Amino acid sequence: MRRRRSNLLQGTVEILILQMLDGEPIHGYAVSQAIRERTDGELELEDAALYQALHRLEGRELVTSRWGITEKRRRAKYYELTDAGRERLRTEVVSWRRYVDAVSKVLEPV
Amino acid sequence: MPSNPFRPSKFRFRLPFHTARQADGDLSREIDHHLDERVDDLIAQGVSESQARTQARQEFGDLEATRRGYVQMSERKDLRRRQREWFQHLLQDVRYAARQLRQSPGLSAITLTVLALGIGANVAIFSLVEATLLRAPSVSEPERLVAMWTTCRRGDERCSSSYPDYLDFRDRSRSFDDLAAYDGTVATLGGDAGTTSEAELANTVFATGNYFDLLGLQPVRGRLLTPADDDRASPMQVAVVSYRLWQQRFGGADDVVGSTLRINKAPFTVVGVLPAGFNGLFVGGEPDVVVPLLTAPVLGESGVPVEIFAERAARWIDLTVGRLAPGVDFETARTEMLAISEQLAVEDPEARGPRSVHLEPIGRYLLPTFGGFDLSRFLFVLLSVVGMVLLLACANLANVYLACATARRHEMGLRMAIGASRGRLVRQLLTESVVFAAIGGVLGIAAAALSLRLLASPQLPGGLTLASVRPALDLRLLALGCLLALITGAAFGLVPALRATRGTRASLQADLRGARSGDGNDRLHHVLIAAQIGICVVLLTGSGLFLQAARNGLSIDVGFATDGLAVARFDLSSLQYEPAAAREFTDALVARIEALPGVTGASVSTRVPVTDSAGTATMLSAVQGYEPAPDEELRLEYAHVAPGYFEALGLPVVRGRTFEAADDQSRPRAMVINQTMARAWWPDGNAVGGMVTLGEAQIEVIGVVADAKWDDGLRVDGYPFGFFALAQGSEGTVAHQRPINLVVRGANIKQLLPAVRREIQLLDGDLALSSLQTMGRVLDQVLAPQRAGAALFSGFSLLALTLAAVGIYGVVSYSVGRRTREMGIHLALGASSRDVVSLVARGIVIPVVAGLAAGLAAALALSRAVEGFMYDVTPGDPLTLAVVLGLLALAAAVATAIPARRAGRVDPVVTLAAE
């Protein structure tokens with residue numbers, strides 16, 4: 001198996017996806033590629049989990065979707081942040097940083 | 001690998017079909033795209049196409065879970081979308097309604113007025129019903145409380161109980177946790193340091209020490225009464241005051257506990273304050289002060305000494321209240337009490353006699369009895385009136401909207417043509433009528449609240465005021481108002497909405513050509529007209545009867561001259577007057593008042609006609625020269641009067657003479673009798689000079705006076721009535737006769753009232769006058785229910801008549817407008833304009849006649865319900881019915897004639913050319 005099973009927490013997956021969508025609308029495959037590239041393959045996300053998270057976010061109206069045509073002339077679903085999604089991303093990033101700082105402080109040698 | 005991860009499964013049942021299919025398609029397309037991209041990448045990395053496909057599919061992971069998640073999301077989204085849409089449509093419809101409201105302000109104003117009146121009247125009357133008939137006393141577990149009182153021999157008449165009776169019932173019964181006794185009176189509070197110190201009359205309750213414990217009440221200050229306060233050997237002079245009295249007389253001060261309250265001049269120590277919500281057990285019977293039952297003699301209650309607690313024959317206790325023991329039901333308790341009553345009758349036949357007991361559950365406030373007046377029946381009549389008015393309003397508005405809706409078929413047809421569904425249009429029209437009804441409802445509730453506030457003065461019979469029964473528009477009543485508005489809106493809006501949207505584009509085209517001459521709407525219009533006429537008949541008949549009753553009540557011969565007469569009632573015994581002092585007081589008072597300029601007569605007595613709610617009766621042991629039938633009782637009502645009483649009252653002396661100052665203890669006892677008594681026991685007409693035996697005493701009849709109406713309901717006709725001289729009674733004194741009535745006669749009696757009041761205050765400042773008023777005002781109060789009934793019925797039936805007439809006018813003129821072309825043809829073919837007028841009029845005759853007949857039947861059936869407060873009026877009174885039918889027929893004729901004449905003037909050339 002080339003890929004490891006992902007042990008990412010659900011909340012973490014969602015914040016990553018929100019971050020990826022902060023910009024131009026992109027489709028699901030592009031999100032998975034982007035995550036892989038930005039983490040140099042360190043974090044890998046199973047495709048099914050990615051799509052489930054996307055749909056969850058859409059259900060909570062943090063993202064919206066619409067059909068579009070890709071460069072390869074294929075029909076694909078494009079996702080985009082809603083205002084609520086952008087707001088959520090902002091607060092999630094702040095609290096994630098705080099969390100990481102706190103954990104780092106504990107882990108740092110005294 | 002599952003055969004098809006997108007196979008349709010149960011979610012098809014949860015989503016609309018197209019949504020489910022679309023969800024499946026969307027998801028599979030999205031995942032297909034993902035897989036294609038991945039396969040492209042893998043092929044670019046050198047993997048073979050078939051292998052790339054397998055790998056991409058394997059990498060993807062759990063398809064089924066993804067599908068489930070997607071379906072869930074779609075459902076949620078879909079629901080949200082539909083909710084949003086529904087709300088948008090609602091907003092849109094409300095906007096349409098607002099536009100409609102603005103477009104026809106006249107129609108809107110009428111609609112809203114009709115609705116506000118209909119809904120407001122219902123809410124107001126229902127709040128009254130709630131406050132009087134449906135509300136439970138604010139005590140703990142009122143459903144386990146039972147009221148018990150003694151009944152005398154005839155029927156269910158309410159009598160008093162004696163203290164030994166109470167003790168026996170309490171000690172012998174097993175059905176009750178406890179029994180408390182209770183008696184109410186009006187006492188004078190006065191002259192206390194630290195208070196406003198003005199004398200005032202207060203509803204005072206004597207209660208056994210266990211009373212509050214039994215009711216489960218908690219004090220807001222201090223403590224309530226305990227059995228220790230009500231000790232037989234040494235009752236404590238302590239009092240519990242109501243929350244209202246605490247606030248008003250003591251200013252809500254914390255140091256009220258321990259202060260002294262003088263009740264009928266006797267000092268009582270205030271030990272506690274009752275909770276604000278406690279309003280007694282009777283409708284409108286808020287107690288101000290509660291004191292131990294055994295202190296009754298201290299307050300001069302009944303002017304009777306302490307022995308009343310030992311005498312079974314001394315009946316003075318109003319009510320016994322019991323709390324059912326756990327697991328015991330009302331019937332068991334009732335059976336047990338009746339059995340105890342029978343035991344007592346066997347043990348002490350002389351004192352108990354034929355008396356029995358009546359029990360009643362206290363799930364609701366008890367209704368006081370006012371001279372046989374039935375409050376619940378009165379309220380039932382009021383409720384039916386307002387209910388009918390609302391029904392009529394619905395019928396009327398339905399008719400109006402039916403006509404409007406038909407006129408709006410173009411609009412509906414156009415909207416349907418551009419894609420609106422019929423359901424959507426019905427919803428729009430319904431929203432419109434409900435919005436109207438809601439606005440009408442809000443106006444109505446506001447009107448109800450306002451009228452309840454404004455009508456706080458005496459309105460109900462028996463001295464009940466709206467203020468004392470505390471009607472309140474609480475949440476339940478607001479809910480009722482909203483519910484009424486909703487139902488009303490749906491009732492008058494639904495059928496027109498269905499009618500307006502019925503049919504297809506074809507019928508729309510037909511409409512545009514104006515070709516259709518008649519449709520099912522005509523029949524519906526006619527049914528609604530008939531309904532309105534019917535309701536009108538009922539209301540008009542009712543108001544006719546009430547008007548007649550009120551007029552009969554006014555013209556009723558009470559037997560004495562009511563003009564120029566004033567009465568005042570006060571209670572000397574409660575102010576600790578000794579008999580001699582009381583006598584001196586009344587003599588002085590009468591002398592002073594007689595001396596006032598303008599006064600032509602003044603006297604005192606124990607009873608005054610019309611004002612009596614509780615009579616006093618006694619039994620003669622013999623009438624000389626009269627042989628009573630075996631079962632006949634020589635029972636008579638009696639009063640003690642001072643000299644000059646009959647003259648001041650204006651009660652004609654028929655024969656003999658009346659009392660004079662010389663008729664005192666030194667002379668043989670004498671009595672004056674009324675005509676009924678004279679006729680009954682001296683059939684030969686020689687009453688004057690006759691002798692009767694009362695107890696041991698021989699009494700001579702010295703005069704005969706006219707009959708009068710004594711009871712405060714004006715219903716009871718002549719019964720034997722005897723008058724004794726105050727100065728001669730076997731009791732011999734004034735003080736034991738309570739209360740005392742002062743009667744004053746003068747030409748300009750209203751202007752004399754302040755002077756009379758001043759004289760009384762000069763003689764005793766502690767005397768709080770319970771009632772100084774003209775006889776005219778007393779009669780007004782007695783006739784209040786008839787007046788209120790007449791006013792309400794007349795007002796509402798006038799409204800009903802107007803509505804029905806407008807309704808008929810609207811329908812006829814609408815149908816004339818629609819049939820103009822038909823009329824034109826008739827005229828062109830040679831019909832005279834009279835023929836056309838009668839053609840139009842004929843159409844309306846059948847519904848009007850049907851309505852009259854149905855209304856007549858209903859009126860006859862319903863009018864039995866109001867018989868109770870009618871004076872000499874028969875429910876089927878032909879004159880009333882004739883007037884009502886005539887009035888309605890006239891209204892219908894006028895409402896038809898105007899548009900029918902217009903039809904007769906149609907110009908055939910113009911009409912036909914317009915085609």
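Residues numbered from 1 in each chain as written. Chains lettered and ligands numbered in written order. Predicted model: local features only at pLDDT ≥ 70, side-chain atom pairs only at ≥ 80, totals over all residues.

### Focus: the overall build of chain B
For step 1, the next point in the chain: The number of helices and strands found in chain B is 27 helices and 25 strands.
For step 2, the next point in the chain: Of all 915 residues assigned to chain B, the portion counted as buried reaches 43%. (Helix = DSSP H or I, 4+ residues; strand = E, 2+ residues; numbered from the N terminus. Buried ≥ 20, exposed ≤ 12 C-beta atoms within 10 Å, placed from the backbone.)

### Thoughts on the overall build of chain A
For step 1, the next point in the chain: The number of helices and strands found in chain A is four helices and three strands.
For step 2, the next point in the chain: Written out in order from the N terminus, the α and β elements of chain A read α-β-α-α-β-β-α.
For step 3, the next point in the chain: Counting every position in chain A, which comprises 110 residues, the buried fraction comes to 26%.
For step 4, the next point in the chain: Looking at chain A alone, contacts between residues at least 24 apart form 53% of all its contacts between residues at least 6 apart. (Contact = placed C-beta atoms within 7 Å.)

### Points about the confidence of the model for chain A
For step 1, the next point in the chain: When pLDDT is averaged across chain A, the result is 85; 89% of the residues are at 70 or more.
For step 2, the next point in the chain: Every residue in residues 1–6 of chain A is under pLDDT 50, and counting partners more than four places away or in other chains gives eight contacts. (pLDDT = per-residue confidence, 0-100.)

### Some details on the sheet that holds strand 3 (residues 75–81) of chain A
Residues and elements named next belong to chain A.
For step 1, the next point in the chain: Ordered by their spatial adjacency, three strands build an open sheet running 1-3-2, and the pairing between neighbours is antiparallel. Every interior strand has two partners, whereas the edge strands, strand 1 (26–27) and strand 2 (63–69), have only one.
For step 2, the next point in the chain: Sheet topology places strand 1 next to strand 3; two bridges connect them, and they run antiparallel. Bridging from a neighbouring strand, H27 pairs with Y78 of strand 3.
For step 3, the next point in the chain: Helix 3 (residues 47–59) rests against strand 2 and strand 3 of the sheet, and its axis sits at about 120 degrees to strand 2. (Pairing = 2+ DSSP bridges. Axes fitted to C-alpha atoms, helices over the stretch in contact; angles between N-to-C directions.)

### Examining helix 9 (residues 330–347) of chain B
All names here are of chain B.
For step 1, the next point in the chain: With 18 residues, helix 9 extends 26 Å from end C-alpha to end C-alpha; this agrees with the ideal 26 Å at 1.5 Å per step.
For step 2, the next point in the chain: Within helix 9 the residues assigned to the buried category are A333, M337, S341 and L344. The buried residues of helix 9 all sit within an arc of 75 degrees when viewed along its axis, so they share a single face. In helix 9, those exposed residues whose orientation departs by more than 90 degrees from the buried face are E331, T335, A339 and V346.
For step 3, the next point in the chain: On its buried face, helix 9 sits against strand 1 (145–151), helix 6 (163–172), strand 4 (176–189), strand 12 (319–324), helix 10 (349–352) and strand 13 (356–361). (Expected span 1.5 Å × (residues − 1). Arc of directions from axis to C-beta.)

### Observations concerning unusual backbone geometry
For step 1, the next point in the chain: Phi at A:R73 is positive, roughly 60 degrees, even though this residue is not glycine.
For step 2, the next point in the chain: Relative to the assigned elements, A:R73 resides in the loop between strand 2 and strand 3.
For step 3, the next point in the chain: Among the residues examined, A:R73 registers 6 C-beta atoms within 10 Å and is labelled exposed.
For step 4, the next point in the chain: The phi dihedral of B:E141 falls on the positive side, at around 45 degrees, and the residue is not glycine.

### Some thoughts on the pairing of strand 22 (residues 697–705) of chain B
Residue and element names in this part refer to chain B.
For step 1, the next point in the chain: When strand 19 (residues 653–656) meets strand 22, the two strands line up antiparallel, connected through three bridges. Note on strand 22: the bridge partner recorded for R655 is V704.
For step 2, the next point in the chain: Relative to strand 22, strand 20 (residues 670–674) runs parallel, the two sharing five bridges. Considered in strand 22, the bridge of N674 is made with V705.
For step 3, the next point in the chain: Pairing between strand 21 (residues 691–694) and strand 22: four bridges, direction antiparallel. Each bridged residue has a counterpart across the sheet, and for V692 the counterpart in strand 22 is I699.
For step 4, the next point in the chain: Between the antiparallel neighbours strand 21 and strand 22 lie two residues, among them G695 with a positive phi of about 65 degrees.

### Here we look at the nonpolar core
Residues and elements named next belong to chain B.
For step 1, the next point in the chain: Residues V385, V389, C536, L539 and A800 are the most contacted members of the largest nonpolar core, which totals 97 residues.
For step 2, the next point in the chain: The dominant element in this core, judged by the number of residues it contributes, is helix 11 (residues 375–407), at 20 residues.
For step 3, the next point in the chain: Once residues lying within four places of it in the same chain are set aside, the contact partners of L539 are V385, M388, F793, F796, S797 and A800.
For step 4, the next point in the chain: Of all hydrophobic cores here, the second largest spans 68 residues; its members include L589, V590, V599 and V692. (Core = buried A, V, L, I, M, F, W, Y, C linked by C-beta atoms within 7 Å.)

### Some details on helix 22 (residues 775–782) of chain B
For step 1, the next point in the chain: Where helix 22 of chain B is concerned, the buried positions are B:M775, B:V778 and B:V782. The arc enclosing the buried residues of helix 22 of chain B, seen along the axis, measures out at 55 degrees, which places them on a common side.

### Side note on the environment of B:C404
All names here are of chain B.
For step 1, the next point in the chain: Residue placement: C404 occurs in helix 11.
For step 2, the next point in the chain: Classification of C404 as partly exposed rests on a count of 19 C-beta atoms within 10 Å.
For step 3, the next point in the chain: Along the backbone, C404 and A497 are 93 residues apart, and their C-alpha atoms lie at a distance of 9.9 Å.

### Side note on the interface of chain A and chain B
For step 1, the next point in the chain: At the interface, 18 residues of chain A touch 20 residues of chain B.
For step 2, the next point in the chain: Those elements that provide at least two residues to the side of chain A that touches chain B are helix 2 (28–38), helix 3 and strand 3 of chain A.
For step 3, the next point in the chain: The residue inventory of the side of chain A that touches chain B, partitioned by class, reads five nonpolar, five polar and eight charged. (Nonpolar A, V, L, I, M, F, W, Y, C, P; charged D, E, K, R; others polar.)

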